[in-house]
Amino acid sequence: DYGQPWLLEVNHDPSFSTSSDLDLKLKEGLIKDTLTILNITPQSKRRKVNMNAKELQERIQQNSRGSKDYLHVYNKYGERELL
């Protein structure tokens, strides 16, 4: 595969529903191949979630010590709120 061109199609709103066995087989393969190419495994996802949780906890602790670095969250209307 080295040096071979790849054709990627980007669809901003893909349908993952299936209407036939062939459709299921194609979409299942596409999803598996995509996760493999991106090197996403259950373990890597768990590490990322844990890392994000740790960083969030550190920021919250900094704020409780009087840091000026505030954690901002956005509500469902896109308005920024302080946490």
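As the structure is a prediction and not an experimental result, all values here were calculated from the model.

Definitions and limits used
Residues numbered from 1 in each chain as written. Predicted model: local features only at pLDDT ≥ 70, side-chain atom pairs only at ≥ 80, totals over all residues. Heavy atoms only, no water. Helix = DSSP H or I, 4+ residues; strand = E, 2+ residues; numbered from the N terminus. Buried < 20%, exposed > 50% of the residue type's maximum accessible area, 1.4 Å probe, protein only. Contact = heavy atoms within 4.5 Å. Areas by Shrake-Rupley, 256 points an atom, 1.4 Å probe, with all protein chains shown as cover. Salt bridge = Lys/Arg side-chain N within 4 Å of Asp/Glu carboxyl O. Patch = residues over 30% accessible without salt bridge, like charges linked within 9 Å, V, L, I, M, F, W, Y side chains within 5 Å. Expected span 1.5 Å × (residues − 1).

> How should I be thinking about the overall build of the protein in this particular structure?
For the protein, the helix and strand inventory stands at 2 helices and 2 strands. Ordered by position in the sequence, the α and β elements of the protein form the string α-α-β-β. Sorting the 83 residues of the protein into buried and exposed places 6% on the buried side. In the protein, of all internal contacts separated by at least 6 residues, the share reaching a separation of at least 24 is 3%. Counting every atom, the protein has about 8,200 Å² of accessible surface; 56% of that belongs to carbon and sulfur.

> Just to check I follow, could you spell out the pattern of salt bridges for this structure?
When charged atoms on two side chains of opposite charge get close, those side chains can pair. A full pass over the atoms with the stated rule returns 1 salt bridge. Here Lys 27 makes a salt bridge to Asp 23, at a shortest N to O gap of 3.5 Å. On the criterion of helical spacing, the pair formed by Lys 27 and Asp 23 is a turn pair, its members being 4 residues apart in helix α1 (residues 21-37). Asp 23 sits in the buried class, given a relative accessible area of 18%.

> Even after reading the chapter, I still don't get a nonpolar patch on the surface, so can you show me in this structure?
On the surface, a nonpolar cluster with roughly 890 Å² of combined accessible area is contributed by Trp 6, Leu 8, Phe 16, Ile 31, Leu 35, Ile 37, Leu 38 and Ile 40. On the secondary structure map, Leu 35 appears in helix α1.

> Help me understand α1, please; the structure alone is not making it clear to me.
The α-helix winds at 3.6 residues per turn, so residues separated by three or four positions along the chain end up facing the same way. The end-to-end C-alpha separation of α1 is 24 Å, in line with the 24 Å expected for 17 residues at 1.5 Å each. Once α1 finishes, Asn 39 follows within two positions and takes phi at roughly 60°, a positive value.

> It is not clear to me how unusual backbone geometry should be interpreted in this structure. Could you clarify?
Peptide bonds are, in most cases, trans, and in most cases residues other than glycine have a negative phi. Phi at Asn 39 takes a positive value of approximately 60°, unusual for a residue other than glycine. If you trace the backbone, Asn 39 turns up in the loop between α1 and α2 (42-64).

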